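Tertiary structure, described
The chain contents come next:
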Amino acid sequence: MPEFENLLYETLDDGRICKVTLNRPEKLNALSNPLLMELGEALHDAEGDPEVRVVILAGAGRAFCAGYDLTTARHPYKGRRYPSRDDKDRPLVGGIRTSMVQVTDVLLYFWNMAKVTIAQVGGYCVAGGGELAMMADLVIAGDDATFGHPGTRGLGTPRNGCIWPFVIPMRQAKELMFTGDSISAQRALEINMVNAVVPRDALEEYTLNFARRIGTQDADSLAVHKHALNRYYEHMGIYPALRAGTDFDALYQFTGFAYKWYDKFNEAMESGGGFKEALAWRDGPYKDYRAALDHVTKR
């Protein structure tokens, strides 16, 4: 059984089901670079296991995932694998795009791996967490789940924004993109973002039983079904859409509002106000995500 620093990896039901759990509960399972690299490795391990039929992706603690971890450095770009910069230490679009492509590749691998995948979502599933969950074949949500992408308020264009039009109506996709607002699990069900909503205390058992039902067939037959369906959507443009979305995400970093966010982020970190202060500046005018702010650790 592989061991990871930022994930829990286990197999259930004689190996038919693999459960991968994002395991940074103190950070609401925020996606750090090490976690993302481990996730790619874990997904490869699960795909290479001939016994595994279904992969469940969950989050430890009270949230599925609250997004990308921006608190690990004093600047949003420092610490990325290709932090290309000029002689004045300003980030360059080439390096930013390259680091984003590496994340997109993990998302696309999750989309197309030869196993049925289920996102088991409880609590916050926002920003990068939403990008990740949307790439699963199926999404089961607890009744406390929250979906949205506040990162559109100064951080970038979400890559999963390019898959939203495949699963939810156009006007809802545009509303979520333009406002960064969040929606409830029930609203997500109404617009076909998720497959089912169940009480939070029944979420794990329901998802496991759902995986067992799917796992009645062998892994190879399920893979044929999955790839047949995926090819249909891929011919409609999911791959080029996510690639284009990544490029637009890189371009967004150089907009005026993005620079305002970076300035405020650095100011808050240097003054001691921390990440929570920066988020309060960004989300304050919208008067939402207050509960999330209460659980952000000051740095």
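Residues numbered from 1 in each chain as written. Predicted model: local features only at pLDDT ≥ 70, side-chain atom pairs only at ≥ 80, totals over all residues. Heavy atoms only, no water.

Counting its secondary structure elements, the protein chain contains 12 helices and nine strands. Out of the 299 residues in the protein chain, the part that is buried amounts to 54%. Of all intrachain contacts in the protein chain linking residues separated by at least 6 positions in sequence, the fraction that spans at least 24 positions is 71%. Total accessible area on the protein chain is roughly 13,700 Å²; 53% of this is exposed by carbon and sulfur atoms. (Helix = DSSP H or I, 4+ residues; strand = E, 2+ residues; numbered from the N terminus. Buried < 20%, exposed > 50% of the residue type's maximum accessible area, 1.4 Å probe, protein only. Contact = heavy atoms within 4.5 Å. Areas by Shrake-Rupley, 256 points an atom, 1.4 Å probe, with all protein chains shown as cover.)

Judged by how many residues are buried, strand E4 (residues 116-121) sits mostly within the fold: six of six residues are covered. Along E4, one buried face is formed by Val 116, Ile 118 and Gln 120 and the opposite face, lined by Thr 117, Ala 119 and Val 121, is buried too. Examined bridge by bridge, strand E3 (residues 54-59) and E4 share four bridges and lie parallel to one another. The partner of Val 54 across the bridge, within E4, is Val 116. (Pairing = 2+ DSSP bridges.)

Here we come to the sheet that holds strand E6 (residues 138-142). Strands sit in the order E1-E2-E3-E4-E6-E9 across an open sheet of six strands; the sheet is mixed. Edge strands, defined here as strands with exactly one partner in the open sheet, are strand E1 (7-12) and strand E9 (196-198). Between one strand and the next, the sheet's axes are offset by a mean angle of 20°, whatever the strand orientation. Bridging between E1 and strand E2 (residues 17-22) involves six bridges; their strand directions are antiparallel. Across the sheet, the residue bridging to Tyr 9 is Val 20, located in E2. Contacts from helix H7 (residues 203-214) reach E1, E2, E3, E4, E6 and E9, with the element oriented near 170° to E4. (Axes fitted to C-alpha atoms, helices over the stretch in contact; angles between N-to-C directions.)

The next point concerns the packing of aromatic side chains. Any pair of aromatic rings gets described here by the distance separating the centres and the angle formed by the planes. This structure, assessed with the given rule, holds five aromatic pairs. Considering the side-chain rings of Phe 4 and Tyr 9, the 6.1 Å spacing of their centres and the 50° angle between planes classify their relative orientation as tilted. The pair formed by Phe 4 and Tyr 9 is uniform in burial state, with each residue classed as buried. When the ring centre of Trp 261 is taken as reference, the NZ or CZ atom of Arg 282 above it lies at 5.6 Å. (Phe/Tyr/Trp six-rings, centres within 6.5 Å; stacked < 30°, edge-to-face > 60°. Lys NZ or Arg CZ within 6 Å of the ring centre and 35° of its normal.)

Before going further, it helps to spend a moment on the packing of helix H1 (residues 33-48) against helix H2 (residues 93-112). It is at 10 Å that the axes of H1 and H2 come closest, and there the two elements cross at 25°. Taken together, the axes of H1 and H2 are roughly parallel relative to one another. Crossing hand, H1 versus H2: left-handed. Along its contact with H1, which presents Leu 36, Leu 39, Gly 40, Leu 43, His 44 and Glu 47, the element H2 presents Val 103, Val 106, Tyr 109, Phe 110 and Asn 112. (Parallel < 35°, antiparallel > 145°, perpendicular 65-115°, else oblique. Left-handed = near helix turned anticlockwise from the far one by under 90°.)

This part is about the sheet that holds strand E7 (residues 146-148). Spatial strand order, E5-E7-E8: three strands in an open sheet with mixed pairing. Each of the sheet's edge strands pairs with one partner strand only, and the pair in question is strand E5 (124-126) and strand E8 (182-184). Each strand of the sheet is rotated relative to its neighbour by a mean of 20°, with strand direction disregarded. Bridging between E5 and E7 involves three bridges; their strand directions are parallel. By the bridge assignment, Cys 125 is partnered in E7 with Phe 147.

Take the state of the cysteines next. For the structure on display, the rule yields zero disulfides. In this structure Cys 125 is a free cysteine whose sulfur lies 7.3 Å from that of Cys 65, the closest cysteine sulfur available. (Disulfide = S-S within 2.5 Å.)

What follows concerns the pairing of E2. Each regular strand carries side chains that alternate between the two faces of the sheet. Counting buried positions along E2 yields six of six residues, so the element is predominantly enclosed. Side chains Ile 17, Lys 19 and Thr 21 of E2 all project onto a buried face; the interleaved residues Cys 18, Val 20 and Leu 22 project onto the opposite face, where all are buried too. With antiparallel pairing between neighbouring strands as the criterion, E1 and E2 make up a hairpin whose turn holds four residues, including Asp 13 at a positive phi of roughly 55°. Taken together, the six bridges between E2 and E3 define a ladder with parallel strand orientation. Within E3, the position partnered with Leu 22 by the bridge is Gly 59. Tracing the backbone out of E2, into H1 and back to the parallel element E3 gives a crossover that is right-handed. (Right-handed = clockwise from strand over helix to strand, strands pointing away.)

With that out of the way, let us pick up the pattern of salt bridges. What the rule picks out here adds up to 13 salt bridges. Measuring nitrogen to oxygen at the nearest pair gives 2.9 Å for the salt bridge that ties Asp 69 to Arg 24. Here Asp 69 is found in the loop between E3 and H2, whereas its partner Arg 24 is found in the loop between E2 and H1, with 45 residues between them in sequence. Each member of the pair, Asp 69 together with Arg 24, is buried. It is possible to trace a salt-bridge network through shared partners that takes in Arg 153, Asp 181, Arg 282 and Asp 283. (Salt bridge = Lys/Arg side-chain N within 4 Å of Asp/Glu carboxyl O.)

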